[in-house]
Amino acid sequence: MSQWNQVQQLEFKFLEQVDQFYDDNFPMEIRHLLAQWIENQDWEAASNNETMATILLQNLLIQLDEQLGRVSKEKNLLLIHNLKRIRKVLQGKFHGNPMHVAVVISNCLREERRILAAANMPVQGPLEKSLQSSSVSERQRNVEHKVAAIKNSVQMTEQDTKYLEDLQDEFDYRYKTIQTMDQGDKNSALMNQEILTLQEMLNSLDFKRKEALSKMTQIVNETDLLMNNMLIEELQDWKRRQQIACIGGPLHNGLDQLQNCFTLLAESLFQLRRQLEKLEEQSTKMTYEGDPVPVQRTHLLERVTFLIYNLFKNSFVVERHLQPKEMKSSAGSKGNEGCHMVTEELHSITFETQICLYGLTIDLETSSLPVVMISNVSQLPNAWASIIWYNVSTNDSQNLIFFNNPPSATLSQLLEVMSWQFSSYVGRGLNSDQLNMLAEKLTVQSTYSDGHLTWAKFCKEHLPGKSFTFWTWLEAILDLIKKHILPLWIDGYVMGFVSKEKERLLLKDKMPGTFLLRFSESHLGGITFTWVDHSENGEVRFHSVEPYNKGRLSALPFADILRDYKVIMAENIPENPLKYLYPDIPKDKAFGKHYSSQPCEVSRPTERGDKGYVPSVFIPISTIRSDSAEPQSPSDLLPMSPSVYAVLRENLSPTTIETAMKSPYSAE
């Protein structure tokens, strides 16, 4: 089932999240019409490769044109209109920056996977709960409401300023008219009435100037309060959400709303600044004793200018899809001074710019979230562990000496982030049973409470009895899934994280031939399968194979291994023991669509292939011993081809053939 089909089957509350996300990022109509094609492209790689991104954007438009041709035949006028409009918007928005569309679609697909994982989780994790509290949503609405109110108030003072200008022009006209009158007319009753009218106009002008300045002062006070309390707090929350998003958490869309609020406030403040300048011009043309403009305007203008500077400095943030190709120590990179291994050395990338707008020159500077600079890809897993731990454990976005004394993190937080790693990187998050097993690995307990774990426990100390850390073990599994068993993992057929004890409890009452897939606890990046059968006296037996790692899976797809896997019974007859995927799914029904070749038959080939070579296909074969001896050391040999097996079977005795082909089960 495609990812998009899974999304459409979600409950309404999750569909609302999908709807909100696509409303701000990418047309959902295109996601729906081109679902399978979109999912088959590597948008993540294209987001860092301009050539690849350009080709994908061109292909996207071609696919869209093909859909337009199809709906044109169906004469669906509304859909034709919408698709033409969407195509025009896409071409205009992304034509000059094709990598941006790759980033957008990659994020959309990742967010779908996260929502699907959240839908499968019995309880929402603590980090995501903290980002979706009702108080945060209420503050967002209050901020938007107050910004709109300030914008409306500035529009009203704009009208007041225009009224003052008109009133002053009329006063000026009447005053000049009196000045040009004859001396005789100046003593007339009409002249006296005109003077009284001018006095009333001057009183009204004075009142309106004071009223306008009072309203402007009130607007400045409200803007100051909004910025230094609610808006800056909202921005800090966005930065925290960005920290969480960079380690696989939900991609909240608050930046667009924040940008709109900052933009409206900036427009309002610049408009207020122009109004103060107009008041100064009016006061220069006509002033009087007690004129409020010279007294109040300078201080008010200074406050408005300060708010503009403050607004711009706070609104300059980094929204993070940066991947430095190469960086040397320079003025553009700030790092900590402590003595750490390279994967614990935190750096920040500084961005500087200058804005010249409406006569103001504003120097801006901001920094990225802490990054780890590595010199070899082998350092990547531990570097990523550092990034995870930092962003889980602190709200401070610039603590470059964090690893001088790294704080602990709660188990529930870590488990939530582990599920995010799987949903964002390999398309399917972890359920409660899988998370319980990981908790056991971290705490060495069959039951756990939400205690605190240290950085050393997560990434530096070896697991009990093992030569690797918890994170090294988990990251190797992620790599295995991504490169070798991704379709099986996405379909939910890999139980993966299950202890050997739990495995036996699950299988003991199942039909013979029932098996499950789990990750090795002693081999890095290994996957094994265990099946159940019964001895002649009815005793339940469990059989596990040597874990398959990336080296062995590079030679043969895992689905084909499950299909073709055979054991040599006591009668030296190869037999496939795998019948049902736990709990009771016929093997071919579960994995049939993932088979990459025809089944392998163990028989001597009678025809030669191209160029005279004997065709051969590797098949995995093991031997079940009839005695109760403990399994011997696993064989490192590659599986045997059918042709070699047939020759050996024909020419060697059963004892010899068993010795030649033996690949006993490991203790996994």
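As a reminder, the structure under discussion sits directly above these lines.
**Q** Looking at this structure, I do not really get the pattern of salt bridges. What am I missing?
**A** For side chains of opposite charge, pairing can occur when their charged atoms come near one another. Considering all chains together, one arrives at 25 salt bridges under this definition. A salt bridge links glutamate 39 to arginine 31; the nearest nitrogen and oxygen atoms lie 2.9 Å apart. Arginine 563 is the salt-bridge partner of aspartate 564, the closest N and O atoms lying 2.8 Å from each other. Residues aspartate 564 and arginine 563 agree in their burial class; the two are buried. Sharing partners across several salt bridges, the network here consists of Arg31, Glu39 and Glu112.

**Q** Would you explain the pairing of strand β8 (residues 540-544) in this entry?
**A** One face of the sheet, then the other: side chains in a regular strand alternate in exactly this way. Here five bridges tie strand β7 (residues 527-534) to β8, and the two strands are oriented antiparallel to one another. Considered in β8, the bridge of valine 532 is made with phenylalanine 542. The antiparallel pairing of β7 with β8 creates a hairpin that spans five residues between the two strands, and glycine 538 there sits at a positive phi of about 90°.

**Q** Teacher, can you tell me more about helix α14 (residues 292-315) here?
**A** Since one α-helical turn is 3.6 residues long, residues separated by three or four positions face the same way. Taking 1.5 Å per residue, 24 residues should reach 34 Å; α14 reaches 34 Å between its end C-alpha atoms and fits that length. Of all bends in α14, the biggest is about 25°, found at threonine 298. Listing the buried residues of α14 in full gives Pro292, Val293, Arg297, Leu300, Leu301, Val304, Thr305, Leu307, Ile308, Asn310, Leu311 and Phe312. With a side-chain oxygen positioned 3.2 Å from the backbone nitrogen of valine 293, the residue opening α14 is aspartate 291.

**Q** Is there a simple way to think about the sheet that holds β8 in this case?
**A** Strand pairing in a sheet relies on backbone hydrogen bonds, with the paired strands running either antiparallel or parallel. Read from one edge of the open sheet, five strands run β8-β7-β6-β11-β12, paired in mixed fashion. The open sheet has two edge strands, β8 and β12 (585-586), and neither has a second partner. Inspection of the sheet shows strand β11 (residues 580-581) paired to β12 by two bridges, in the antiparallel sense. Directly across from tyrosine 580, in β12, lies its bridge partner proline 586. Each of β6 (514-519) and β7 touches helix α19 (residues 470-490); the most contacted strand, β6, lies at about 150° to it. Seen against the sheet, helix α20 (residues 500-507) touches β6, β7 and β8 and runs at an angle of roughly 160° to β6.

**Q** Please clarify how the nonpolar core should be interpreted in this entry.
**A** Most often, soluble globular proteins have nonpolar side chains that are buried together. Among the nonpolar cores identified, the biggest contains 70 residues, and Phe529 and Phe558 are the most heavily contacted of them. Of all the elements, α19 adds the most residues to this core, at 11 residues. In contact with phenylalanine 529, other than residues within four places in its own chain, are Phe515, Leu516, Leu517, His543, Ser544, Val545, Tyr548, Phe558, Ile561, Leu562, Tyr565 and Leu578. Grouped together as the second largest cluster of nonpolar side chains are 47 residues, Leu167, Met191, Leu213 and Met230 included.

Rules used throughout
- Residues numbered from 1 in each chain as written.
- Predicted model: local features only at pLDDT ≥ 70, side-chain atom pairs only at ≥ 80, totals over all residues.
- Heavy atoms only, no water.
- Salt bridge = Lys/Arg side-chain N within 4 Å of Asp/Glu carboxyl O.
- Buried < 20%, exposed > 50% of the residue type's maximum accessible area, 1.4 Å probe, protein only.
- Pairing = 2+ DSSP bridges.
- Helix = DSSP H or I, 4+ residues; strand = E, 2+ residues; numbered from the N terminus.
- Expected span 1.5 Å × (residues − 1).
- Bend = angle between axes of the 7 residues up to and from the residue.
- Polar contact = N/O pair within 3.5 Å; in protein donor to acceptor, adjacent residues only side chain to side chain.
- Contact = heavy atoms within 4.5 Å.
- Axes fitted to C-alpha atoms, helices over the stretch in contact; angles between N-to-C directions.
- Core = buried A, V, L, I, M, F, W, Y, C linked by side-chain atoms within 4.5 Å.

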